[in-house]
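Examination of the molecular architecture
Here's the letter readout for the chains.
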Amino acid sequence: MVNDDLLKESLLELYEGAPCGYIFTAPDGTFLRVNQTFLAWTGYKRTDLISKRRLQDLLTVPGRLFYENQYAPLLRMQGFVNEVALDIVRPERDPLPVLVNSVQHTRGGHGATDEPRFIASIVFDATGRRAYERELLRARQDAERLAVIVAASNDAILSASPERVVETWNPGAERLFGRPASEMVGRALGTALPVAARAQDWAALEDSLQRGQPVYIDTIGIHANGETIDVSVSFTPHFGPLGELSAISSIIRDIRQRRAAERLEQEFLAMASHELRSPLSTIKGHAQLMQRQGRYNERGAQTIVSQVDHLNRLVSDLLLASQAASGRLDTQTEVLDLCVEARQAAATLVRPTGPPVDVLTPDQPVLVQADSLRLRQVLANLLTNAGKYAPADSPITVRVAPVSSDVDTRHASVSVEDRGPGIPPDALPRLFDRFFRVGATAHTAQGLGLGLYISLQLIKAMGGTISVQSEEGRGSTFTVTLPLATAAGSATTSGAPA
Ligand code: ADP
């Protein structure tokens, strides 16, 4: 008897203080009995629940819907429900996430066939598990986001196992090397990666990876079609929680454009030094001659002055190009008659042989908003090019149109047309780039490849456009459009960075 009491008391203690909630509910959900743990977790008083509230009344709205539509029918049907995730609303606290296991007790014993008597449920606190699931979900979303970036990246991105076996090969790598992931995954990194890394590069790479440092090399990539590509390659070691090498990632970037720009810059520097030196040596030659002769020589002095002018133009072009590249190009616009500007520019072109420049203008003035000095410079650039690249005796025409047909009715245009060698179609998209010169014509005349670049930047700063139409062997027409002067006055504009 004493033992029986002790057992009862122990069981009751176990029931009340168990590390999980125990609840007994009537078939309609009304609380019949709850243990202390459940009350402590939820903050309800026993007297608030027993015979007064139903389990579903304590649930959040989605939980209540789930209770009605899934939990209760399933319980009636199969007699039990396991691992149901619910949230219990608590007074003055956040809802408690729980996992519930329920068994239906019937009059005839356990089972679903007889009339239900009550439902016994065990309630587990799922706060930790929910947090873990949220963490897992966040990690998965992060991984998915990263995967989207890797898949969409223009760079080749790949990863290898610590044993240097390629494990992933993104679409960027497929495009860059023309080799599908199916062909590359599973192969050894050192032999499969189609880059011309030398043995010592791989040795240095191994060394750095062992020391946990990333490696960068600029080298040549080889496309499946045999084409070579300038690439920059990085290898980064990744480590696991115990400090062991867990993976190697590699990003390979196509640097052909950068290399081309570097080459262009090198060529430009060589050309600029030459261009600046040749007038200097002419000046020096004439000055030395006068020194030796001990007298003034008119022809020599004229040459010196014209060479100094030429040097001045070169230096101011260099300055303008650098201002344009950093967006510091200022223009002062005013109302100008484009016909007058065109005639003046044509008159200043020096052509020792060949017919004078033909200028075709409408009878009425064409008033535009432009910077007079800069516009003259642009027209001089276009006319000098026509004079430089077209045969000396071929005609050059300047044409002013009151309304530009290719832009809109708010612009007028002036074009310079020559019967020169024309420009190859593949060079047209880069014609207005800094330092760009067409290979075939570059050797026929001196230049720095800056005139058209500067012209475009100046015209853009004035709110206009510049374009070219050209046919190889027939000639070229450069057309400048400028905003029509809608109101008299002047304005200052600043060019955007090129
Ligand atoms: P530069 O004349 O100093 O080389 P530009 O920027 O004025 O520089 O011109 C860039 C290149 O465009 C020239 O080197 C030349 O190859 C080509 N080009 C410009 N104008 C003409 C033209 N009227 N006819 C043929 N080619 C031209």
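Keep in mind the model is a prediction, meaning the values are calculated, not measured.

Brief notes about the overall build of the protein chain
Helices and strands together make up the secondary structure of the protein chain, namely 15 helices and 19 strands. In summary, the protein chain has a C-alpha radius of gyration of 42 Å against a globular reference of 23 Å for 498 residues, an excess of more than 25%. Dimensions of the protein chain, computed from the C-alpha atoms along their principal axes, are close to 145 × 65 × 40 Å. Going through the 498 residues of the protein chain one by one, you find that 41% of them count as buried. Within the protein chain, counting contacts between residues at least 6 apart in sequence, those at least 24 apart form 57% of the total. Here the protein chain displays about 27900 Å² of accessible surface, and carbon together with sulfur accounts for 55% of that area. The average position of the 50 basic charges and that of the 56 acidic charges among the side chains of the protein chain differ by 3 Å.

Quick look at the packing of helix 11 (residues 298–325) against helix 15 (residues 451–461)
Between helix 11 and helix 15, the least distance of the axes is 10 Å, while the angle of their chain directions is 50 degrees. When the axes of helix 11 and helix 15 are compared, the pair comes out oblique. In the crossing of helix 11 with helix 15, the sense of the turn from one axis to the other is left-handed. Taking contact as the criterion, the partners of Asp317, Leu320, Ala321, Ala324 and Ala325 in helix 11 are, on helix 15, Tyr453, Ile454 and Gln457. Classifying every residue of the contact of helix 11 with helix 15 gives six nonpolar, one polar and one charged.

Some words on the pattern of salt bridges
If you walk through the whole model with that rule in mind, you get 22 salt bridges. For arginine 187, the salt bridge is made with glutamate 183, and the minimal N-O distance between the two is 3.9 Å. Taking the relative accessible area as the measure of exposure, arginine 187 reaches 36% and is therefore partly exposed. Residue glutamate 183 is classed as partly exposed on the basis of its relative accessible area of 33%. Here glutamate 262 and arginine 258 are joined by a salt bridge, their closest N and O atoms 3.8 Å apart. Taken together, the positions of glutamate 262 and arginine 258, both in helix 10 (residues 256–293) and four residues apart, correspond to about one turn of that helix. You can call arginine 258 partly exposed: its relative accessible area is 41%. Three or more residues joined by partner-sharing salt bridges are found here, namely Asp218, Arg258, Arg259 and Glu262.

Description of the nonpolar core
As a rule of thumb, nonpolar side chains are buried together in soluble globular proteins. Of all hydrophobic cores here, the largest spans 52 residues; its most connected members are Leu338, Leu375, Leu431 and Leu482. If sequence neighbours within four positions are ignored, leucine 375 has contacts with Leu336, Leu338, Glu341, Ala370, Ile459, Met462 and Leu482. Met184, Leu189, Leu193 and Leu209 belong to the second largest nonpolar core, which has 25 residues in total.

Focus: the sheet that holds strand 15 (residues 396–401)
Pairing within the open sheet is mixed, and its five strands lie in the order 13-15-16-18-17. Edge positions in the sheet fall to strand 13 (358–360) and strand 17 (465–471), since each has one partner strand and no second. Within this sheet the neighbouring strands show an average axis-to-axis angle of 15 degrees, counted without direction. Pairing of strand 16 (residues 411–418) with strand 18 (residues 475–483) involves eight bridges; the strand directions are antiparallel. The residue bridging histidine 411 from the neighbouring strand is proline 483, located in strand 18.

Here we look at the side chain of glutamate 275
With respect to the element layout, glutamate 275 can be found in helix 10. Of the buried charged residues, glutamate 275 lacks a salt bridge, with arginine 437 as the closest side chain of opposite charge at 6.3 Å. With residues near it in sequence (within four places) discarded, glutamate 275 still touches His310, Leu314, Gln446, Gly447 and Leu448.

Considering the pairing of strand 1 (residues 21–25)
Side chains Gly21, Ile23 and Thr25 of strand 1 all project onto a buried face; the interleaved residues Tyr22 and Phe24 project onto a face where none is buried. The pairing of strand 1 with strand 6 (residues 116–125) spans five bridges and is classified as antiparallel. Its bridge partner lying in strand 6, tyrosine 22 is registered against isoleucine 122. In the sheet, strand 1 pairs with strand 2 (residues 31–34) via three bridges, with the strands oriented antiparallel. Counted as the bridge partner of threonine 25 is phenylalanine 31 from strand 2. Where strand 1 hands over to strand 2, the hairpin turn is made up of five residues, of which glycine 29 adopts a positive phi near 100 degrees.

Description of the pairing of strand 4 (residues 93–106)
For a regular strand, side chains alternate in direction, first toward one face of the sheet and then toward the other. In this structure, strand 3 (residues 80–90) lies alongside strand 4, joined through eight bridges in antiparallel fashion. Looking at the pairing, valine 81 lines up with serine 102 of strand 4. Where strand 3 folds back on strand 4, the antiparallel hairpin that results is connected by two residues, among which glutamate 92 adopts a positive phi of roughly 60 degrees. Two elements, strand 4 and strand 6, share nine bridges in a ladder whose sense is antiparallel. From the neighbouring strand, threonine 106 faces strand 6, where its bridge partner is proline 116.

Here we look at the confidence of the model for the protein chain
For the protein chain, the average pLDDT comes to 90, and 94% of its residues sit at 70 or higher. When the criterion is pLDDT under 50, residues 487–498 qualifies, and its contacts beyond four places in sequence or with other chains add up to 35 contacts.

Thoughts on the environment of serine 316
In this fold, serine 316 is placed in helix 11. Overall, the relative accessible area of 33% leaves serine 316 in the partly exposed class. For serine 316 and serine 161, which are 155 residues apart along the polypeptide, the C-alpha to C-alpha distance reads 57 Å.

The rules behind each value
- Residues numbered from 1 in each chain as written.
- Predicted model: local features only at pLDDT ≥ 70, side-chain atom pairs only at ≥ 80, totals over all residues.
- Heavy atoms only, no water.
- Helix = DSSP H or I, 4+ residues; strand = E, 2+ residues; numbered from the N terminus.
- Rg over C-alpha atoms; globule rule 2.2 N^0.38 Å.
- Buried < 20%, exposed > 50% of the residue type's maximum accessible area, 1.4 Å probe, protein only.
- Contact = heavy atoms within 4.5 Å.
- Areas by Shrake-Rupley, 256 points an atom, 1.4 Å probe, with all protein chains shown as cover.
- Lys, Arg positive; Asp, Glu negative; His and termini not counted.
- Charge placed at Lys NZ, Arg CZ, Asp CG, Glu CD.
- Axes fitted to C-alpha atoms, helices over the stretch in contact; angles between N-to-C directions.
- Parallel < 35°, antiparallel > 145°, perpendicular 65-115°, else oblique.
- Left-handed = near helix turned anticlockwise from the far one by under 90°.
- Nonpolar A, V, L, I, M, F, W, Y, C, P; charged D, E, K, R; others polar.
- Salt bridge = Lys/Arg side-chain N within 4 Å of Asp/Glu carboxyl O.
- Core = buried A, V, L, I, M, F, W, Y, C linked by side-chain atoms within 4.5 Å.
- Pairing = 2+ DSSP bridges.
- pLDDT = per-residue confidence, 0-100.

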